[in-house]
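Below, each chain spelled out in residue letters.
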Protein chains: 2
Amino acid sequence: MTGAEIISSSEARRVALAVLERAGVPAEAAVVQADLLIEADLRGRPSHGLLRLPRIVERIANELIAPATRGVSQWKKDALLDVDGMRGLGPVVAFAALEQISERARSTGVASAVIRNSNHIGMLALYAERFAEQGQVVIALSTSEALVHPWGGRRALLGTNPIAIGVPADPEPFVMDMATGLISMGQVHDYAHRNLPLQPGWALDAAGEPTTDAMAAKSGAIAPFGQAKGYALGLAFEVLVGSLTACSLGTEVRGTLDSTHACNKGDVFVVLEPASTGVVGAVSAYLDEIRNCAPVDPRSPVVVPGDGARRRRARNLEQGISLPRDVWERLQALA
Amino acid sequence: MTGAEIISSSEARRVALAVLERAGVPAEAAVVQADLLIEADLRGRPSHGLLRLPRIVERIANELIAPATRGVSQWKKDALLDVDGMRGLGPVVAFAALEQISERARSTGVASAVIRNSNHIGMLALYAERFAEQGQVVIALSTSEALVHPWGGRRALLGTNPIAIGVPADPEPFVMDMATGLISMGQVHDYAHRNLPLQPGWALDAAGEPTTDAMAAKSGAIAPFGQAKGYALGLAFEVLVGSLTACSLGTEVRGTLDSTHACNKGDVFVVLEPASTGVVGAVSAYLDEIRNCAPVDPRSPVVVPGDGARRRRARNLEQGISLPRDVWERLQALA
């Protein structure tokens, strides 16, 4: 444990931009990548935040990330954008693709981008939010290295395969973002680091036996969320993304966590046009009805996905973000 | 308890077709509706099977189902089919829409149908399977009456909001189909009927208190599957379908279970073209790797979603389907 530093997001941004530019990332791309990481820290998702920046720098140095490309995209069909990320920065490639399909969906009603050969795209909520704010419905899917076991199985064969869904609403869009693992490997490492036991049912060890030992779980497998149903969903996302992008699958996926392998997972975005601008009122009223639902525990009001992230963001914009001291020192040294 | 009858699926089909045609359903539409119900019984999902046919007949008699329409569809945008179901039979309207977007997606790469004012569409797996067999990726979503409580909330405010995903594979497509409720209201009724207690955490009573009394749960709410994550997903599907179809939301949804209200839920289908025909091999090999994963319990091999349904279908095609005696008698009387 090295303790934490509280840093203003503007100071963190300044340092992150300097780190990226020194590593050879063009200014405009550095903004996209830095903001994506900082937004994760602001929203209380440090596993997808600046913690990841030193690895990005290593991957650039190892030529696993090409810092100056937005990828090469072509309209394979009228509404289907095929993207070779050319080893580009994940968020740079993803936003470039999303801008194209967002515009195309205005005339086609629905458009999709299928991306391979790109790097980790970070917190999916940010992509869904950006285009839901502009009045479109967004579905975002990405795969990852195999960390999750099939329901009833002993080995990690599925990615944590997150999904985000964004839907226009007032005053803020609805944004849901979740992985299909019960916990994240980041949490397992955090428990191991703090010498805390995992809860039963969260993980298996390397031999496929249930364990509460976080150290043992690091080389094992995470459970899918929601038992058999969550497993079915995570597997469906893996084969759907695999089918659309021709990316690698299961244990063949590399490069989302390491500094030694090209990244061969896939990303899929679908953007759709709502029925009318009028539906925003109905969706927003319904979300308020959910928020106002009487809670089982009076101290825990019912929340709509995305509300907590927004509250944390507002607070952290004022108070600063918390970074492990060693990470902050590393970033300053890299700047 | 009235006991069960084992009936050959061909005999059940003959009777179901006679029931539908006597109720005024044209022959071609009767085949679509009857086959959808019988396939659910064949695959071991009786809640979506012939059990529902008497209600369909009542809804036709009450003019809540228009038996002779496929709905009115128009290409609102190049790849977005807007469908007013005109109170048609759910499967008839849905398959008509899917055929159009499947063909359109061959040139646009992705196409979507958004359907309102249509009736219950039954087991979603069948739609995903049909078009995945033809080489396309399918996402199917539908909403339902509010039966599920928000995570931490006391009232049923969400539909059971199922999703199905179909992906081409050999020798059979991957087909996943699941509701976002932890259990179905059909199961609650079944437990009540058999005087069995529910498991803790499955349901709330009408006052929003946790209950294991199935009778009390019938007027209460079902838990979302997968706790907060499953709730987030079910809510995302509800607002996504609401935004795209302008259907009713939450407690305003009617007509999926009763014989007295027009059906005002929504359905959304998205059809996409895979990267190439070559990906089928990779997806199929990966699915076999999942099937061959060492199981935690040697008596329970790891299963891929859809495999169990296929096995039950093969068995029931030979041995017949099991129907409650009163349902079978009712159908014979209606034929």
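Structure's up top.
All figures in this text were calculated on a predicted structure; none of them were measured in a lab.

Basis of the calculations
- Residues numbered from 1 in each chain as written.
- Chains lettered and ligands numbered in written order.
- Predicted model: local features only at pLDDT ≥ 70, side-chain atom pairs only at ≥ 80, totals over all residues.
- Heavy atoms only, no water.
- Pairing = 2+ DSSP bridges.
- Helix = DSSP H or I, 4+ residues; strand = E, 2+ residues; numbered from the N terminus.
- Axes fitted to C-alpha atoms, helices over the stretch in contact; angles between N-to-C directions.
- 1 Å grid on protein atoms, 1.4 Å probe; cavity = no way out; pocket = protein on both sides within 12 Å on 5 of 7 lines; lining within 4 Å.
- Points joined across faces, edges and corners; volume = space filled by probe spheres on them.
- Nonpolar A, V, L, I, M, F, W, Y, C, P; charged D, E, K, R; others polar.
- Buried < 20%, exposed > 50% of the residue type's maximum accessible area, 1.4 Å probe, protein only.
- Contact = heavy atoms within 4.5 Å.
- Polar contact = N/O pair within 3.5 Å; in protein donor to acceptor, adjacent residues only side chain to side chain.
- Phe/Tyr/Trp six-rings, centres within 6.5 Å; stacked < 30°, edge-to-face > 60°.

**Student:** Tell me about the sheet that holds strand E9 (residues 210-211) of chain A, and name the residues and values.
**Tutor:** Residue and element names in this part refer to chain A. Strand order in the open sheet made by the three strands is E9-E8-E10, with antiparallel pairing throughout. Across the chains shown, the open sheet's two edge strands, defined by having one partner strand only, are E9 and strand E10 (221-222). Sheet topology note: the strand E8 (residues 203-204)/E9 ladder contains two bridges and is antiparallel. Bridging from a neighbouring strand, Leu204 pairs with Pro210 of E9.

**Student:** Mind laying out the sheet that holds strand E11 (residues 266-272) of chain A, listing which residues take part and the relevant values?
**Tutor:** Residue and element names in this part refer to chain A. The mixed open sheet is built from seven strands, whose spatial order is E2-E3-E4-E11-E5-E6-E7. Since the sheet does not close on itself, it has two edges, and those belong to strand E2 (72-77) and strand E7 (174-178), each with one partner. Pairs of neighbouring strands in the sheet enclose a mean axial angle of 15°, with direction left out of account. Note that strand E4 (residues 110-116) and E11 share seven bridges and pair antiparallel. Residue pairing for E11: Ser112 is matched across the bridge by Val270.

**Student:** Help me get a handle on the layout of surface pockets, residues and values and all.
**Tutor:** Residues and elements named next belong to chain A. The space that makes up the second largest pocket amounts to roughly 550 Å³. As for the second largest pocket, its lining consists of 27 residues, and the residues nearest its centre are Val31, Val32, Asp35, Phe95 and Arg130. Element by element, the count of residues in the lining of the second largest pocket is highest for helix H2 (residues 27-42), at nine residues. Looking at the lining of the second largest pocket residue by residue, the class counts come to 14 nonpolar, three polar and ten charged.

**Student:** Tell me about the environment of B:Asn117, and name the residues and values.
**Tutor:** Residues and elements named next belong to chain B. Tracing the chain through its elements places Asn117 in the loop between strand E4 (110-116) and helix H5 (125-133). The class of Asn117 is partly exposed, set by a relative accessible area of 27%. For the pair Asn117 and Val93, spaced 24 residues apart in sequence, the C-alpha separation works out to 9.9 Å. In this structure, Asn117 is in contact with Asp84, Gly85, Met86, Arg87, Gly88, Cys263 and Lys265, ignoring residues within four places of it in sequence. For Asn117, the side chain forms a polar contact with the side chain of Asp84, separated by 2.9 Å.

**Student:** Explain the packing of aromatic side chains residue by residue, including any values.
**Tutor:** The tally for this structure, following the rule as stated, stands at seven aromatic pairs over all chains. Considering the side-chain rings of A:Tyr127 and A:Phe269, the 5.5 Å spacing of their centres and the 55° angle between planes classify their relative orientation as tilted. Separated by 142 residues along the polypeptide, A:Tyr127 in helix H5 (residues 125-133) and A:Phe269 in strand E11 bring together distant segments of the chain. Residue classification places A:Phe269 among the buried residues on the basis of a relative accessible area of 0%. Taken together, a centroid distance of 5.2 Å and an interplanar angle of 45° make the contact between A:Phe225 and B:Phe225 tilted.

By themselves, these are just geometric observations and shouldn't be taken as functional.
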